[in-house]
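So the chains spell out like this:
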Amino acid sequence: MEKNVPTEALRFKKVREEQNHTQQSFAELLGIGSTTADIERGKTKISGKAVMELLRLFGINPLWLYGRSFSQYVDISGGDVSPKVITLDPDEKDIILLVNQKAAAGYPHNIQDVEWYETLPSFSIPLPEYRNATYRGFQVEGDSMLPNIRPNEWVLGKAVSSITEASDSRIYIVVLHDSVLVKKLQKIPNTPDRVRLVSLNPEYLPIDVEVKDIQELWMVNSKLTFGIDEPSESTLLRQLQASMEELKGQLKGLNT
């Protein structure tokens, strides 16, 4: 491997050579300028547009491009819901990006724009549960996931590479072409091209979506919550106390 040249630059060059293009013709094909020379030297970052075109034209897996997957190609006809861009710290370790409600509104439209991702805050969690996988945090808007997830809380999701890997009835962050939703996912029997998104709040009706309309899928495995209320008397405790009072009343009636 050439020194000081990032993995994505080397793999970008590899794709160009496999497709028998010159630096000039490849740049023209991707619509990214007059030559790819600076990208291949690692002097210019690969733009989101270039990543998108590599995926669209040749089925190049964005995770492979950045050295995070062994699979060079993905099937874009439907079912691939892996992250379109991954983010690393200077030590080449995964970091967790945080997408607040405002950023989430633009997330589907900037999903392959590397420079846009650099504007988002990020952090890392030094726990074993967050190793060897890609995670992303999203701020929840609305009350459709009450009582489990409250408005403005943050959920952390683990990247899912294929819709076939999704577990039925788990909660997911679902990135569609025009929105980001946090829902419980249910597979529909005998209908592999659609899934059902279910809210925990019974006031919201389920939504059926086409698999091909899902850009990314993140399985929720934890959440960040703030402003924790003072602990109150639990429902179970109140029920026990009511039962005891009822029992006392019955015993008192027997003794009279």
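The structure displayed is predicted, hence computed values, not measured ones.

What counts, and where the lines are drawn
Residues numbered from 1 in each chain as written. Predicted model: local features only at pLDDT ≥ 70, side-chain atom pairs only at ≥ 80, totals over all residues. Heavy atoms only, no water. Helix = DSSP H or I, 4+ residues; strand = E, 2+ residues; numbered from the N terminus. Buried < 20%, exposed > 50% of the residue type's maximum accessible area, 1.4 Å probe, protein only. Contact = heavy atoms within 4.5 Å. Areas by Shrake-Rupley, 256 points an atom, 1.4 Å probe, with all protein chains shown as cover. Core = buried A, V, L, I, M, F, W, Y, C linked by side-chain atoms within 4.5 Å. Salt bridge = Lys/Arg side-chain N within 4 Å of Asp/Glu carboxyl O. Polar contact = N/O pair within 3.5 Å; in protein donor to acceptor, adjacent residues only side chain to side chain. Pairing = 2+ DSSP bridges. Axes fitted to C-alpha atoms, helices over the stretch in contact; angles between N-to-C directions. Parallel < 35°, antiparallel > 145°, perpendicular 65-115°, else oblique. Nonpolar A, V, L, I, M, F, W, Y, C, P; charged D, E, K, R; others polar. Phe/Tyr/Trp six-rings, centres within 6.5 Å; stacked < 30°, edge-to-face > 60°.

**Q** Looking at this structure, how should I read the overall build of the protein chain?
**A** Along the backbone of the protein chain there are eight helices and nine strands. For the protein chain, the proportion of its 256 residues judged to be buried stands at 41%. Considering only contacts within the protein chain whose residues lie at least 6 apart along the sequence, 57% involve residues at least 24 apart. Accessible surface for the protein chain amounts to roughly 14,900 Å². Of this, 52% is attributable to carbon and sulfur atoms.

**Q** I'm lost on the nonpolar core in this one. Help?
**A** Across soluble globular proteins, nonpolar side chains show a tendency to be buried alongside one another. Counting 38 residues, the largest nonpolar core has Leu-54 and Tyr-107 as the members making the most contacts within it. Here this core takes four residues from helix α4 (residues 48–58), the largest share from any one element. When residues no more than four places from it in sequence are discounted, the contact partners of Tyr-107 are Val-99, Trp-116, Tyr-117, Arg-136, Phe-138, Val-175, Val-180, Glu-216 and Trp-218. One finds Val-160, Ala-166, Tyr-172 and Leu-176 within the second-largest nonpolar core, a separate group that totals 15 residues.

**Q** Which parts of the structure should I look at to understand the pattern of salt bridges?
**A** Pairing between side chains of opposite charge can happen when their charged atoms approach one another. Using the criterion set out here, one finds 11 salt bridges in the structure. A salt bridge links Asp-38 to Arg-41; the shortest N-O distance between them is 3.2 Å. In this pair, Asp-38 and Arg-41 both sit in helix α3 (residues 37–41), three residues apart, roughly one turn of the helix. Accessibility expressed as a relative area gives 37% for Asp-38, which makes it partly exposed.

**Q** Could you clarify how one ought to interpret the side chain of Asn-61 in this entry?
**A** Looking at the element boundaries, Asn-61 is found in the loop between α4 and α5 (62–65). The exposure class assigned to Asn-61 is buried, which follows from its relative accessible area of 5%. For Asn-61, the side chain forms a polar contact with the main-chain nitrogen of Leu-63, separated by 3.0 Å. The residues contacting Asn-61, other than those within four sequence positions of it, are Ser-69, Ser-71, Gln-72, Tyr-73, Val-74 and Ser-82.

**Q** Would you mind showing me how to read the sheet that holds strand β7 (residues 194–198) here?
**A** By definition, the strands of a sheet pair up through backbone hydrogen bonds, in either a parallel or an antiparallel sense. Across the sheet, nine strands lie side by side as β2-β1-β3-β4-β9-β5-β6-β7-β8; this open sheet has mixed pairing. Each edge of the sheet is formed by a strand with only one pairing partner; in this case those strands are β2 (122–123) and β8 (207–210). Direction of pairing for strand β4 (residues 154–160) relative to strand β9 (residues 214–224): antiparallel, over a ladder of seven bridges. Each bridged residue has a counterpart across the sheet, and for Val-160 the counterpart in β9 is Leu-217.

**Q** Sorry if this is basic, but what is going on with the packing of helix α2 (residues 23–30) against α4 here?
**A** Helix-helix packing is characterised by the crossing angle of the two axes and by the distance between the axes. Where α2 meets α4, the axes come as close as 9 Å, and the angle between the chain directions of the two elements is 90°. Taken together, the axes of α2 and α4 lie roughly perpendicular to each other. Facing Phe-26, Leu-29 and Leu-30 of α2, the residues of α4 in contact are Lys-49, Glu-53, Leu-54, Leu-57 and Phe-58. Across the contact of α2 with α4, the residue classes break down as six nonpolar, no polar and two charged.

**Q** Would you mind going over the packing of helix α1 (residues 7–18) against α2 with me for this structure?
**A** Viewed as axis vectors pointing N to C, α1 and α2 meet at an angle of 100°, and their least axial separation amounts to 10 Å. Judged by the angle between their axes, α1 and α2 are roughly perpendicular. Together, Phe-12, Val-15 and Arg-16 of α1 and Gln-23, Phe-26 and Leu-30 of α2 make up the contact between the two elements. Residue composition of the contact of α1 with α2, grouped by class: four nonpolar, one polar and one charged.

**Q** For this particular structure, what's the right way to read α4?
**A** Since the α-helix advances by 3.6 residues per turn, residues separated by three or four positions end up pointing in the same direction. Of all the residues in α4, the buried ones are Gly-48, Ala-50, Val-51, Glu-53, Leu-54, Leu-55 and Phe-58. Packing partners of the buried residues in α4 comprise α1, α2, α5 and α7 (114–117). Backbone geometry just after α4 places Gly-59 at a positive phi near 70°.

**Q** Any chance you could explain the packing of aromatic side chains here in plain terms?
**A** Each aromatic ring pair is characterised by the separation of its centres together with the angle its planes make. Within the structure shown, the criterion is met by eight aromatic pairs. When the centroid spacing of 6.0 Å and the interplanar angle of 80° are considered together, the rings of Tyr-107 and Tyr-117 count as edge-to-face. Taken together, the residues span a long stretch of sequence, with Tyr-107 in the loop between α6 (101–106) and α7 and Tyr-117 in helix α7 at a distance of 10 residues. In this structure, Tyr-107 and Tyr-117 share a single accessibility class: buried. A ring pair is formed by Phe-138 and Trp-218, whose centres lie 6.5 Å apart and whose planes are at 55°; its orientation type is tilted. You can see Phe-138 sitting in strand β3 (residues 135–139) and its partner Trp-218 sitting in strand β9, a full 80 residues away along the chain. Judged on exposure class, the residue Phe-138 and its partner Trp-218 are both buried.

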